[in-house]
Amino acid sequence: MKANNSLITYIESESIKCLDGGTFTSLKEALADIIACTIAGRNTNAAEISKEFAVSQWGTGNSSLILYRERLTTAGAAFVNATMANALDLDDGHRLTKGHPGAVVFPAVLAVAEENNISGEEFLTALLIGYEVGIRAGIAAHLSRPDYHCTGSWGAVGAAAGVSYILGLKGNTIGNALGNAEYFGAYSPMMRCIEHPSMLKDGINWGCMAGVSAAHLAKAGYTGIPSLFTQKEAEGLTHDLGKNYRVNELYYKPYACCRWAQPAIEAIREIQTKNILISTNINKIVIHTFTESAALSKGYPETTEEAQYNLFFPVAAFISYGEVGPKQILDHLDDPKILSIMDKISVVIDQQLNEAFPEKALGMVKILMQDGCNYQSEIMQARGDYNYPLKAEEKKDKFFRLTTPFLGKEPAQRLSETIQNLEHMKSIRELMIAIEASAT
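A short tour of the structure in this document, coming up. (Residues numbered from 1 in each chain as written. Predicted model: local features only at pLDDT ≥ 70, side-chain atom pairs only at ≥ 80, totals over all residues. Heavy atoms only, no water.)

**Here we look at the pattern of salt bridges**
Counted only if it meets this: The working definition used for a salt bridge is a side-chain nitrogen of Lys or Arg within 4 Å of a carboxyl oxygen of Asp or Glu. Strands here are runs of E lasting at least two residues and helices are runs of H or I lasting at least four, both read from the DSSP assignment and numbered beginning at the N terminus. For the exposure calls, accessible area comes from a 1.4 Å probe over protein chains only, and a residue counts as buried if that area is under 20% of its type's maximum, exposed if over 50%, partly exposed in between.
Following the criterion strictly, the structure yields 24 salt bridges and no others. One salt bridge in this structure joins Arg71 and Glu114, with 3.0 Å as the shortest N-O distance. Note that Arg71 is positioned in strand E2 (residues 71-72) and Glu114 in helix H5 (residues 101-116), a separation of 43 residues in sequence. Owing to a relative accessible area of 34%, Arg71 belongs among the partly exposed residues under this scheme. The network of salt bridges with common partners includes Arg42, Glu48, Lys51, Glu52, Arg69 and Glu70.

As structure tokens, then:
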């Protein structure tokens with residue numbers, strides 16, 4: 001079959017031993033963030049439903065479900081853990097993919113790594129491969145097809161790449177795994193889910209399961225199509241593999257909501273640094289944003305998914321409580337304080353902001369007060385982008401903010417230390433033991 005030789009060579013030969021210090025730090029930060037997001041996502045209806053489904057449909061195996069007692073086959077465990085990883089919409093992303101590579105790559109690599117009892121170093125290498133291939137697959141998908149593609153479509157290719165490394169696949173067998181993953185991945189009407197939020201979200205859990213399955217099928221001899229990396233649109237995307245690491249370009253989310261709503265939150269935050277805003281004195285809030293952001297739901301949310309894929313709710317929650325975290329999107333859906341502010345918000349699509357998207361997610365807010373005062377923010381970028389990063393302390397604070405409620409302060413600290421020393425572990429199962437011990 002037609003193959004991309006530079007891509008195949010990269011998957012066969014990558015090693016974290018070759019990484020510079022900055023890229024290695026980026027990989028560790030990505031791992032800590034996605035583990036924290038997965039733990040925090042445990043307390044959602046989607047996680048519970050997915051777990052019950054997976055237990056009934058996939059057989060018992062050696063791969064752990066994070067914070068659950070059951071162990072399943074790799075496909076089942078990947079499906080459940082991926083559901084949790086994206087359940088609160090707090091997981092990492094990449095601007096040019098319009099999606100979340102970590103939530104689909106990490107659970108796939110983890111499940112197969114545990115099944116095969118590989119070392120921490122090998123696990124980190126597989127995770128890196130998954131990120132690098134997955135991000136490039138996302139960019140290629142949006143260059144080659146007119147639709148907006150959910151993470152589960154291109155993310156499946158990244159998952160298959162990381163799993164292929166763990167399974168020791170070579171040459172055309174890797175090509176078959178990537179082709180299988182692209183073919184089986186979720187080709188979903190993403191904008192319809194944004195306009196009508198549901199547990200489907202980014203198709204991440206299905207894409208993760210598809211990526212794991214694709215690699216296992218390829219190992220057994222199941223042939224696939226030439227992957228999207230053999231297409232004209234992907235030319236130039238793989239020549240810098242192993243040289244230019246896209247994991248350094250990840251963004252990290254400070255708020256539990258769609259990335260497209262976060263520039264408006266930053267605009268509110270910017271106004272609040274200069275003015276005292278009393279929510280009861282607000283007369284009107286006008287959000288200036290780009291088309292995709294304006295398509296987010298604006299009504300009162302009845303589910304956490306509707307709160308996450310909402311433009312008005314997170315802005316109102318931030319004005320009310322100074323944060324948009326798990327508590328707001330899980331426990332404050334009918335909060336009258338938040339809902340009353342939502343009633344005062346409207347949206348305007350701004351062509352200048354459209355032109356910047358998807359390289360940047362930008363927004364601006366105007367606030368009209370009842371006393372006649374008017375406030376207008378600067379044009380604000382979503383905080384956490386690689387060129388507008390969270391500080392190291394903010395990332396660490398996010399980790400403990402998400403894990404401590406489930407694990408406790410000292411166990412969360414031990415888990416953090418385990419992650420930082422992962423490359424020295426002889427078995428990836430030591431990581432799972434650390435999580436399970438922390439949760440008991």
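**What about unusual backbone geometry?**
In this structure, the amide linkage connecting Phe357 to the following residue, Pro358, adopts the cis form with an omega of 10 degrees. Along the chain, Pro358 falls in the loop between helix H17 (351-356) and strand E5 (362-369). Positive phi outside glycine occurs at Lys98, with the angle close to 55 degrees. Its place among the elements puts Lys98 in the loop between helix H4 (74-86) and H5. What makes Lys98 partly exposed here is its relative accessible area of 24%. Of note in this structure, Asn117 is not a glycine but carries a positive phi near 50 degrees. Take Asn117: it is sitting in the loop between H5 and helix H6 (120-144).

**Brief notes about the pairing of E5**
What counts here: For two strands to be treated as a pair, DSSP must find no fewer than two bridges joining them.
Buried residues dominate E5, accounting for 6 of its 8 residues. Alignment of strand E3 (residues 282-289) against E5, held across 6 bridges, turns out to be antiparallel. When the bridges of E5 are listed, Val286 appears paired with Lys366. Here E5 runs beside strand E7 (residues 380-381); their pairing, made up of 2 bridges, is antiparallel. When the bridges of E7 are listed, Gly363 appears paired with Met380. Relative to strand E6 (residues 374-376), E5 runs antiparallel, the two sharing 3 bridges. Residue pairing in the sheet places Lys366 in a bridge with Gln376 of E6.

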